[in-house]
Amino acid sequence: MKTITVWSTGLNQSACMRKYDFNVNQLRVPHTSAPSLEKGTLVHLAAEVYYKGIMKGVRFEQRVAEALDEMGAAASSTGLSSEDIVMCHKTMKEYFDYYRGDPLVPIAVEAPFAYELAQYEPDEDFPEGLQIIFEGKFDAVFKNEQQDCILVADHKSGSRNSEPSGLSNQAMGYVVAGQQFGAKRMMMINKIGFQKTLPAEKKFVRHILPYSKEVLHDWVEWTIARAMYIDRCQESGSYPPDFTKCDEYSGCMYKDVCLAPPNARQGILQRFFKVGEKHDVFEGEE
Ligand code: SF4
């Protein structure tokens, strides 16, 4: 049976298939990561060690110390300034103190999943049959001991107090896949803010994004159609650009590549981008 695998960042990149080719197929990424991404990675690491400590029954003081130690060790191989590293340390210490005695108990942490969105019998287009899989990694799945319910959660760090959007491939896909844990049709965005002047209750906010069955059904249908479109591009080796996406957010990182003549693009990609890591949510899993 043929399998097409999609994941949230891959789906996002597929908004422009040329970008998908540069990023997902050729793995071309900038040489340096933005500080916000590096800080986010450190926050995720500290949260992972801390919540895994709860699952192993490690006492509070020890799991805080282990989480901060591991974060500190990892920080030394980033390009972050000492001021940013100190801020990550202070923020996570404050976060752990704020949620001490939390009714949300982790039942899975940094847990990879592969969820089958659809399976089709052999037909003319796919003579060997077709299966479409959505992959990802839950930051955490929590059981709320007080309300007796299960929630999938994503940690989001940052310095701004923005409302998260429910219409994201990651949130909707994770809620769909969370059903295998018996999770409710909702996503918890666990905001971890770096603002120096705000009190803990304004920096550490848990947003709940609820979904109807119909909205999740829409997402599944769209994702199946998009997976087949990506597959058609891969099979044909044709990756059409979408120039409506070039200026989105702060601008596509491949703008200079696309502005160059076609025969110069590979050289620019090789010179100004490094080869990043291949998507593999199960890497390191037994
Ligand atoms: S610059 Fe525009 S056309 Fe080029 S990869 Fe980015 S979004 Fe696609």
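Parameters at a glance
Residues numbered from 1 in each chain as written. Predicted model: local features only at pLDDT ≥ 70, side-chain atom pairs only at ≥ 80, totals over all residues. Helix = DSSP H or I, 4+ residues; strand = E, 2+ residues; numbered from the N terminus. Rg over C-alpha atoms; globule rule 2.2 N^0.38 Å. Buried ≥ 20, exposed ≤ 12 C-beta atoms within 10 Å, placed from the backbone. Axes fitted to C-alpha atoms, helices over the stretch in contact; angles between N-to-C directions. Parallel < 35°, antiparallel > 145°, perpendicular 65-115°, else oblique. Left-handed = near helix turned anticlockwise from the far one by under 90°. Contact = placed C-beta atoms within 7 Å. Nonpolar A, V, L, I, M, F, W, Y, C, P; charged D, E, K, R; others polar. Near = placed C-beta within 6 Å. Expected span 1.5 Å × (residues − 1). Arc of directions from axis to C-beta. Pairing = 2+ DSSP bridges. Right-handed = clockwise from strand over helix to strand, strands pointing away.

(A) Quick look at the overall build of the chain. Looking only at helices and strands, one finds 10 helices and eight strands in the chain. In terms of overall dimensions, the chain is globule-like: its C-alpha atoms have a radius of gyration of 21 Å, near the 19 Å expected for 286 residues. In terms of overall dimensions, the chain has a C-alpha envelope of 60 × 45 × 35 Å along the principal axes. Out of the 286 residues in the chain, the part that is buried amounts to 27%.

(B) Representation of the packing of helix 4 (residues 60–75) against helix 5 (residues 82–98). Running from amino to carboxyl end, helix 4 crosses helix 5 at an angle of 165°, the nearest separation of the two axes being 10 Å. In terms of orientation, helix 4 and helix 5 fall into the roughly antiparallel class. You can see that helix 4 and helix 5 cross each other, and the crossing is right-handed. Touching Val64, Ala67, Leu68, Met71, Gly72 and Ala75 of helix 4 are Ile85, Cys88, His89, Met92, Lys93 and Phe96, all from helix 5. Each residue belonging to the contact of helix 4 with helix 5 can be placed in one class, and the counts come to nine nonpolar, two polar and one charged.

(C) Layout of the site of the ligand. Close to the ligand lie Cys16, Arg18, Lys19, Pro241, Asp242, Phe243, Lys245, Cys246, Cys252, Tyr254, Lys255 and Cys258, which account for all nearby residues. Sorting the residues of the shell around the ligand by element identifies helix 2 (17–25) and helix 9 (255–259) as the ones contributing at least two each. The class makeup of the residues in the shell around the ligand is seven nonpolar, no polar and five charged.

(D) Layout of the environment of Val205. Considering the arrangement of structural elements, one finds Val205 in strand 7 (residues 204–210). Overall, the presence of 16 C-beta atoms within 10 Å leaves Val205 in the partly exposed class. Separated by 12 residues in the primary sequence, Val205 and Gly193 place their C-alpha atoms 8.4 Å from one another.

(E) Spatial organisation of the packing of helix 3 (residues 35–56) against helix 4. Taken N-terminus to C-terminus, the directions of helix 3 and helix 4 make an angle of 150°; their axes are 8 Å apart at the nearest point. Comparing the axis directions of helix 3 and helix 4 gives the class roughly antiparallel. In this structure, helix 3 crosses over helix 4, and the sense of that crossing is right-handed. Along the contact surface, helix 3 presents Leu42, Leu45, Ala46, Val49, Tyr50, Gly53 and Ile54, while helix 4 presents Arg63, Val64, Glu66, Ala67, Leu68, Glu70, Met71, Ala74 and Ala75. Of the residues that constitute the contact of helix 3 with helix 4, the class distribution is 12 nonpolar, one polar and three charged.

(F) Molecular detail of helix 4. End to end, helix 4 covers 22 Å across 16 residues, agreeing with the expected 22 Å (1.5 Å per residue, within 8%). Every buried residue of helix 4 is listed here: Arg63, Val64, Ala67, Met71 and Ala75. For helix 4, the angular spread of the buried residues around the axis is 105°, confining them to a single face. Pointing more than 90 degrees away from the buried face of helix 4 are the exposed residues Glu61, Gln62, Asp69 and Ala73.

(G) Structural context of the environment of Met1. Looking at the secondary structure, you find Met1 in the segment before strand 1 (2–7). Between the C-alpha atoms of Met1 and Leu130, which are 129 residues apart in sequence, the distance is 5.6 Å. Excluding residues that lie within four positions of it along the chain, Met1 makes contacts with Glu128, Gly129, Leu130 and Gln131.

(H) Just the environment of Phe134, in detail. Looking at where Phe134 falls in the secondary structure, it is placed in strand 4 (residues 130–144). Residues Phe134 and Leu80 lie 54 residues apart in sequence; the distance between their C-alpha atoms is 33 Å. Look past the residues within four positions of Phe134 in its chain and what remains in contact with it is Val6, Trp7, Tyr115, Leu117, Gly173, Ala177 and Thr223.

(I) Summary view of the pairing of strand 6 (residues 186–193). One ladder, built from seven bridges, connects strand 5 (residues 149–158) with strand 6; its direction is parallel. Of the residues in strand 6, the one forming a bridge with Ser157 is Ile192. Regarding the hand of the β-α-β motif, the stretch spanning strand 5, helix 6 (residues 169–178) and strand 6 is right-handed. Across seven bridges, the pairing between strand 6 and strand 7 is antiparallel.

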